[in-house]
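# Report on the structure
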Amino acid sequence: MARLKAWFDRSGWSDLIVGLPYLWLVLFFLLPFLIVVAMSVATKTPTAPPFSFGGEHPWINLGGYARLFGDALYVRAFLISLMNAATATFFCLLIGYPMALALTRVSKSWRNILLMLVILPFWTSFLLRVYAWMGLMGKSSWFNAALTDVWNWIVPIDWAVKSLPMMHSNFAVVLVMVYTYLPFMILPLYASLERLDPTLDEAALDLGSRPWQVFLDVTLPQSIPGIIAGGLLVFIPAAGELVIPSLVGDAAAPMIGRVISDEFSSARDWPMASAVAVALLALMVIPTMLYSHYQARAEGTK
Amino acid sequence: MKRRPTFLLSMLAFGFAFFYVPILSMIVYSFNASRLATVWGGFSTKWYAALWSNTKVIEALMLSLKIALVSATIATILGTLAGIALVRMGKFRGRTLFSGLVTAPLIMPEVITGVSSLIFFLLLAQWIGWPAQRGFTTITLAHITFSMVFVTTIVQARLLQFDRAIEEAAMDLGSRPWQVLFDITLPVISPAILSGWLLAFTISLDDVVITSFTTGPGSTTLPLLIWSKVKLGVTPDINALATLMVLAVGLGVVVAGIIMNRTEARRLADERLAYRTNG
């Protein structure tokens, strides 16, 4: 191997192979990101572009970050985002875990077809999957009508409603998040469950464990890396989600992605939008570090 | 052991119903004669006809395809190079930063990527006068940047499994390095490069958030067009458009799946044959 690499080095191809993507990412990813970080301590001005580094607070203005904690709007948006993302992750796990486990129990030929059916929605347009639920949740849809009937049948007569107000609520946001992110939960869970040794289950059964004990003592502990991987794959994009809350969410209780977008476009407050963005990223870094920590530990035990 | 599969299988059935009922409902209602998208008013294909004569939709589709083709191709080249760099180039200077840069776009919330790209392009226009107008070029640049790292992830995974003894053997047998590269390395990782391209293409074709920040006047991609219509509510012509897109993607995935299964089967057969002839 060393010979091929030595040739790459000698002929100068190495510099090109490393340099080209490196330069691209520095220019179009790192630089814009550093600009946002710098922007977060700038001062908003009515000029174009609407910021400066001078004025009352020379060079650095931490006002944006102070507002993050002082202004209830931002605190609330962060809390709603974290709550919605955590709820969606929980329900993805609740639905996705039995599905992934079931996928390991069906015959090989069925398994490939079913796995493809799990991945298929992932290839279809994200926007259209959100849109499909807008059709179902609307006041006059057959789905809403059916759920309304069930609701009216269960609850006392005084609570009866003509249709359930599902759209434009946190309920709708969580439901659609579960729908769109479920494949991200199922696939890593399936990958970790598929590797388990079925003879361990049989051994536990032979030794007198009841099936649910086998699940709790044998299957569940071994699938924790898959649970963490799937959980983060759902939680991280869900917390920063913009499309779903914009279409089916409650406009009066925006999530943080919406706040960033509004600060930037409507309020033209670039420094504030940047400060919120940096804060959101800081929140993302913690679960990501946890993920790579667990990933590294899983690799280590192999 | 007997009772558990019943529960698991019913959860599986429930899950698949959850996945597909909304899509099926959307398809059924695309044949709805009524203007009210959610009230059934008889069978009709008029929304498909209306779609066909809607030049805005066709134009947006063409723009989306153009952006996806260009950005996926460049992203595949850059992403493959980055994958090779990470697996094959050993410890080059700035490697830690590089591997960080390759992972960061994967977890960066789209809205932040969008805002930072827009600020970047706006400031660039202020400083050096380029890009004078946002549109095809800025959208494509942004798409390349966030889709190339997906290609890198796929290519990197394939390269890590790669048996380097084959390359050594070829060199021992007198192949020149560039021959090894084109006869051995690239053909072996080509399925990964192809899946990377397909993924980059789909991501670009599907993107709303980053596109909405990097677009300019007159550059409406298909997702942006759908986005602006969907914000106003559910309409039957969007149902028809959605049905066509879902069918196109479904067909594509099924055909790709069959082809991949075939090649895999052929590869296995070849392998068996090779073992048999070698005793």
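Computed from a prediction, not measured in an experiment: that's the story for all the values here. (Residues numbered from 1 in each chain as written. Chains lettered and ligands numbered in written order. Predicted model: local features only at pLDDT ≥ 70, side-chain atom pairs only at ≥ 80, totals over all residues. Heavy atoms only, no water.)

Following Trp130(B), the chain continues into Pro131(B) via a peptide bond in cis, with omega recorded as -5°. Phi at His168(A) is positive, roughly 55°, even though this residue is not glycine. With respect to the helices and strands, His168(A) occurs in the loop between helix H7 (142–154) and helix H8 (170–194). Although it is not a glycine, Arg268(A) sits at a positive phi angle of roughly 50°. Within the secondary structure, Arg268(A) is located in the loop between helix H13 (256–265) and helix H14 (270–301). Judged by its relative accessible area of 41%, Arg268(A) is partly exposed. (Helix = DSSP H or I, 4+ residues; strand = E, 2+ residues; numbered from the N terminus. Buried < 20%, exposed > 50% of the residue type's maximum accessible area, 1.4 Å probe, protein only.)

What follows is about the confidence of the model for chain B. Per-residue confidence for chain B gives a mean pLDDT of 88; residues scoring 70 or more make up 97%. Note on the complex model: pTM 0.89, ipTM 0.89. (pLDDT = per-residue confidence, 0-100.)

Okay, the interface of chain B and chain A next. Tallying the contact residues gives 91 residues for chain B and 87 residues for chain A. Carbon and sulfur atoms supply 83% of the area buried between chain B and chain A, which totals about 8,300 Å² over both sides. Our count for the chain B to chain A interface comes out at zero salt bridges. Taken together, the connections running from chain B to chain A amount to eight residue pairs in polar contact (both at pLDDT 80 or more). A per-element tally of the side of chain B that touches chain A places helix H1 (residues 3–29) of chain B first, with 18 residues. In the side of chain B that touches chain A, the residues fall into 68 nonpolar, 14 polar and nine charged. (Contact = heavy atoms within 4.5 Å. Buried area = accessible area lost by both parts, 1.4 Å probe. Salt bridge = Lys/Arg side-chain N within 4 Å of Asp/Glu carboxyl O. Polar contact = N/O pair within 3.5 Å; in protein donor to acceptor, adjacent residues only side chain to side chain. Nonpolar A, V, L, I, M, F, W, Y, C, P; charged D, E, K, R; others polar.)

Residues and elements named next belong to chain A. The end-to-end C-alpha distance of helix H10 (residues 211–222), which contains twelve residues, comes to 16 Å, matching closely the 16 Å that a straight helix rising 1.5 Å per residue would cover. Taken as a whole, H10 has its buried residues at Val214, Val218 and Thr219. In an axial view of H10, the angular spread of the buried residues amounts to 80°, which keeps them on one side of the axis. H10 presents Trp212 and Asp217 as exposed residues on the side facing more than 90 degrees away from its buried surface. Elements that come into contact with the buried residues of H10 comprise helix H4 (72–105), H8 and helix H9 (198–206). (Expected span 1.5 Å × (residues − 1). Arc of directions from axis to C-beta.)

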